[in-house]
Each structure stands twice: as structure tokens, then as C-alpha cells.
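The primary structure of each chain is shown beneath.
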Amino acid sequence: MKEALVYSTFREGYGVDQVRRTMTAGELIRFLEDYDEDTPVYLSFDNGYTYGGFTECGFEEKEIGEDGEAR
């Protein structure tokens, strides 16, 4: 059996200002250092009913305004 890393996620708000806490890029890098670099990473939605994956094209840089809105 191959080990995988699954992140259980949920919707926390309609804007980034409604997210209570999120990891920084540095925190995420340090966390992932504990895993073999070939470990697949998946997103889990709906209490494990649906899944998704991470790809480079899924990331985008945005600016966060004073009002907490991503632009």
C-alpha cells in the first residue's frame, strides 16, 4: 500500500478576510519536509466524499486589499 497525504478541507467564507488562519508558504514547506518527495498530496472535500489534487497551474498570485478581498 502506498502512503498518501490527504488534506481535509472545507469552505470557511466568501472572502479571504473570513478565513481564520492559513499556513504561510514557509510553514507549508517546513511541514512537507517530513514526507518523502514522491508522496502524493490530495484534497478531500465533503468529509471524504469527493477528492481533488494539486497542480502548479492551480496556483495564482493575488493581492489582498485593505478590505480583505482578493484581487
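Since the structure is predicted, the reported quantities are computational estimates derived from the model, not experimental observations.

Trainee: When you look at the environment of F54 in this model, what are you seeing that I'm missing?
Mentor: With respect to the helices, strands and loops of the structure, F54 is situated in the segment after β3 (50-53). Once you skip the residues sitting within four places of it in the chain, F54 turns out to touch V41, L43 and F59.

Trainee: Got a minute to help me understand a negative patch on the surface in this structure?
Mentor: A cluster of acidic side chains, namely E3, D36, E37 and D38, defines a negative patch on the protein surface. Topologically, E37 is positioned in the loop between α1 (25-32) and β2 (41-45).

Trainee: Teacher, can you tell me more about the layout of surface pockets here?
Mentor: Approximately 1500 Å³ is the volume found for the largest pocket. What lines the largest pocket is a set of 28 residues, and nearest its centre among them are Y7, T22, M23, F54 and F59. Broken down by secondary-structure element, the contributors of at least two residues to the lining of the largest pocket are β1 (5-8), α1 and β2. The dominant element in the lining of the largest pocket, judged by the number of residues it contributes, is α1, at four residues. Class assignment of the residues belonging to the lining of the largest pocket gives a composition of 18 nonpolar, five polar and five charged.

Thresholds, definitions, all that
Residues numbered from 1 in each chain as written. Predicted model: local features only at pLDDT ≥ 70, side-chain atom pairs only at ≥ 80, totals over all residues. Heavy atoms only, no water. Helix = DSSP H or I, 4+ residues; strand = E, 2+ residues; numbered from the N terminus. Contact = heavy atoms within 4.5 Å. Patch = residues over 30% accessible without salt bridge, like charges linked within 9 Å, V, L, I, M, F, W, Y side chains within 5 Å. Areas by Shrake-Rupley, 256 points an atom, 1.4 Å probe, with all protein chains shown as cover. Salt bridge = Lys/Arg side-chain N within 4 Å of Asp/Glu carboxyl O. Lys, Arg positive; Asp, Glu negative; His and termini not counted. Charge placed at Lys NZ, Arg CZ, Asp CG, Glu CD. 1 Å grid on protein atoms, 1.4 Å probe; cavity = no way out; pocket = protein on both sides within 12 Å on 5 of 7 lines; lining within 4 Å. Points joined across faces, edges and corners; volume = space filled by probe spheres on them. Nonpolar A, V, L, I, M, F, W, Y, C, P; charged D, E, K, R; others polar.

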